[in-house]
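The residues making up each chain are set out below.
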Amino acid sequence: MNPSLFISHGAPNMILGNSFTKKNIKTFASTLEKPKYIIVASAHWTTKDLKIINYETKDLMYDFYGFEDALYEFKYEINSNKNISLNIIEELKKQNINIEIDTNRNTYDHGVWTTLAMMYEELQIPVIQLSIPLNYSIEQLINLGEKLQVFKKDALIIGSGGLTHNLSDMSVLGEVKKYAQNFNDFVVEAVESGDKKKLLEIKNLDTFYQNHPSPEHFLPLYIIYGSAINKKAKSFNHEITYTNLSMECFAFD
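Residues numbered from 1 in each chain as written. Predicted model: local features only at pLDDT ≥ 70, side-chain atom pairs only at ≥ 80, totals over all residues. Heavy atoms only, no water.

J.: Explain the overall build of the protein to me, using residue names and the numbers behind them.
T.: From N to C terminus, the protein includes nine helices and 12 strands. A globule of 253 residues ought to have a C-alpha radius of gyration of about 18 Å, and the protein, at 17 Å, matches this closely. Viewed in the frame of its principal axes, the protein has a C-alpha envelope of about 50 × 45 × 35 Å. The long-range fraction of contacts in the protein, counting pairs at least 24 apart against all pairs at least 6 apart in sequence, stands at 82%. Counting 25 positive and 31 negative side-chain charges, the protein places the averaged centre of each group 5 Å from the other. (Helix = DSSP H or I, 4+ residues; strand = E, 2+ residues; numbered from the N terminus. Rg over C-alpha atoms; globule rule 2.2 N^0.38 Å. Contact = heavy atoms within 4.5 Å. Lys, Arg positive; Asp, Glu negative; His and termini not counted. Charge placed at Lys NZ, Arg CZ, Asp CG, Glu CD.)

Dropping the structure here:
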């Protein structure tokens, strides 16, 4: 049985250096058996309803600006797979989950490829990307994750986002902001204890929108929680960068 992972992917140029987070993600990935394929939901692909990436996808999207030239020249071999994609669609529809191929989605956003590049120097297995459906409630996101459990024998399931993500209030220098640290600690305690009640309450915290002016970087966590058999996770990376961006990463199962 493959685990389910929530990974705070951070700034895309993290793949160029040898940061604390990059080393921890790479070290953790080295302990995993290689799955037959990967299912990933990234904060950088949101849709109204649930979509699956075009199964002919094999290219990278450089969906950022203002970074080093080397990042725009970075290459990483990655591809989807027709048979696996159609099987996922069929199995989810059997479980009353509506999902369609987005034929216009032909590239992987940086939430996918930077995360996988930190995990694997070479990726020789298919990567199937799912969107984050914004019309889903939190309970529906958890339910979607539960429906994905059927694939865990063969697939590594990854949610790529950020435990905190307030870019307008980050700073290059300075101490970690208290609202970010407190929020980070609350979520870590809830996730590591498997406390669903606390997880459902997180969006009602006074500091939720201070840490997430828009929620898409947090939503993958609910899908990953749902996909877990053992609801108590373990964190394999503790770091807050730029004073308020938590790089916390969790492994379930």
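J.: Go over the side chain of Thr 47 with me, naming the residues and quoting the values.
T.: With respect to the secondary-structure elements, Thr 47 resides in strand 2 (residues 37-47). The buried category is assigned to Thr 47, whose relative accessible area is 13%. A polar atom in the side chain of Thr 47 sits 2.4 Å from the backbone oxygen of Asp 49. Apart from the residues within four sequence positions on either side, Thr 47 is in contact with Ser 131, Ile 132, Pro 133 and Leu 134. (Buried < 20%, exposed > 50% of the residue type's maximum accessible area, 1.4 Å probe, protein only. Polar contact = N/O pair within 3.5 Å; in protein donor to acceptor, adjacent residues only side chain to side chain.)

J.: Please provide a residue-by-residue account of the packing of helix 5 (residues 138-148) against helix 9 (residues 220-227), values included.
T.: Across the interface, helix 5 lies against helix 9 with an axial gap of 6 Å and an inter-helix angle of 45°. Here helix 5 lies oblique to helix 9, going by the angle between them. Both helix 5 and helix 9 take part in a crossing whose hand is right-handed. Facing Ile 138, Leu 141, Ile 142, Leu 144, Gly 145, Glu 146 and Leu 148 of helix 5, the residues of helix 9 in contact are Tyr 222, Ile 223, Tyr 225, Gly 226 and Ser 227. When the residues that make up the contact of helix 5 with helix 9 are grouped by side-chain class, the tally is eight nonpolar, three polar and one charged. (Axes fitted to C-alpha atoms, helices over the stretch in contact; angles between N-to-C directions. Parallel < 35°, antiparallel > 145°, perpendicular 65-115°, else oblique. Left-handed = near helix turned anticlockwise from the far one by under 90°. Nonpolar A, V, L, I, M, F, W, Y, C, P; charged D, E, K, R; others polar.)

J.: Summarise unusual backbone geometry; cite the residues concerned and give the values.
T.: Positive phi, normally seen in glycine, also occurs at Asn 96, with a value near 65°. You can see Asn 96 is positioned in the loop between helix 3 (82-94) and strand 5 (100-102). Of note in the backbone geometry, Tyr 242 takes a positive phi value of approximately 50° without being a glycine. Of note, Tyr 242 is situated in the loop between strand 10 (240-241) and strand 11 (245-246).

J.: Explain the packing of aromatic side chains residue by residue, including any values.
T.: All chains considered together, the criterion is met by 15 aromatic pairs. For the ring pair Phe 28 and Phe 236, a centre distance of 4.0 Å and an interplane angle of 10° mean the geometry is stacked. With Phe 28 in helix 1 (residues 20-29) and Phe 236 in strand 9 (residues 234-237), this pair connects stretches of sequence that are 208 residues apart. Taken individually, Phe 28 and Phe 236 each receive the classification buried, so the pair is uniform in this respect. (Phe/Tyr/Trp six-rings, centres within 6.5 Å; stacked < 30°, edge-to-face > 60°.)

J.: A description of the pattern of salt bridges should follow, citing residues and the corresponding values.
T.: Overall, the coordinates contain 10 salt bridges when judged by the stated rule. The salt bridge partner of Asp 109 is Arg 105, with a shortest N-O separation of 3.0 Å. Assessed through its relative accessible area of 12%, Arg 105 is described here as buried. Of the charged contacts in the structure, one is a salt bridge between Asp 253 and Lys 152, with a shortest N-O distance of 3.0 Å. Here Asp 253, found in the segment after strand 12 (249-252), pairs with Lys 152, found in the loop between helix 5 and strand 8 (155-161); they are 101 residues apart in sequence, far enough to count as distant. (Salt bridge = Lys/Arg side-chain N within 4 Å of Asp/Glu carboxyl O.)

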